[in-house]
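Structural description and commentary
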Amino acid sequence: MSSEIISEDATDAEDGPCALVESLEQIGSKWRLVVLHELQSGERRFNELKRATDASSRTLSRVLDDLQEMEFVDRRLEEDAPVATYYRLTPKGESLCPVFDEIECWAGEWLAACNE
């Protein structure tokens, strides 16, 4: 009987990723996380994000396009001289702020212990 339970669990896992895995696939790349974290402090210009993240222009542009497509980030173009592109978190992106706070708390407690 226990072998039936194991095989059912294995089948469920193969049917699709759980919510955690699916979430990490959307936000889990290094650059996506860095950009989302930087935007927590408010709207930023492209060049501000580039300096803050140390990402290349190409990488940052691709990541911002991805985040915009997934509705984590809004883009605003200001056409007055000088032309500037601004990015900010959408409500969906802002909903990740408590998650980042919790990860930072965890890291502060557990990663500091690893470095001792």
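Scroll up to find the structure.
Everything numeric in this text was worked out from a predicted model, so none of it was measured.

**Overview of the sheet that holds strand β3 (residues 84-89)**
In spatial order, the strands read β1-β3-β2; together these 3 strands make up an open sheet with antiparallel pairing. The open sheet terminates on both sides in strands that have one partner only, identified here as β1 (44-45) and β2 (73-78). Pairing between β1 and β3: 2 bridges, direction antiparallel. Its bridge partner being in β3, R45 is matched across the sheet by Y86.

**Observations regarding the pattern of salt bridges**
In total, this model carries 5 salt bridges according to the counting rule given. The shortest N-O distance in the salt bridge between E43 and R76 comes to 2.8 Å. Placement of the pair is E43 in the loop between α3 (30-38) and β1 and R76 in strand β2, with a sequence separation of 33 residues. Across the salt bridge formed by R76 and E78, the nearest N and O atoms sit 3.0 Å from each other. Several salt bridges share partner residues, and in doing so they unite E43, R76 and E78 into one network.

**Notes on unusual backbone geometry**
The amide bond that connects A81 to the next residue, P82, takes the cis arrangement and shows omega of -10 degrees. With respect to the helices and strands, the residue P82 is situated in the loop between β2 and β3. Not every positive phi belongs to a glycine, and D54 is a case in point at roughly 65 degrees. Tracing the sequence through the fold places D54 in the loop between α4 (46-53) and α5 (57-69). Positive phi, close to 65 degrees, is recorded for E71, a residue that is not glycine.

**Comments concerning the nonpolar core**
Ranked by size, the top nonpolar core spans 19 residues in total, and within it L36, L64, L67, F72 and V73 carry the most contacts. For this core, the secondary-structure elements that each account for two or more residues are α3, α4, α5, β3 and α7 (97-114). A total of 4 residues in this core trace back to one element, the largest contributor, which is α5.

Thresholds applied
Residues numbered from 1 in each chain as written. Predicted model: local features only at pLDDT ≥ 70, side-chain atom pairs only at ≥ 80, totals over all residues. Heavy atoms only, no water. Pairing = 2+ DSSP bridges. Helix = DSSP H or I, 4+ residues; strand = E, 2+ residues; numbered from the N terminus. Salt bridge = Lys/Arg side-chain N within 4 Å of Asp/Glu carboxyl O. Core = buried A, V, L, I, M, F, W, Y, C linked by side-chain atoms within 4.5 Å. Buried < 20%, exposed > 50% of the residue type's maximum accessible area, 1.4 Å probe, protein only.

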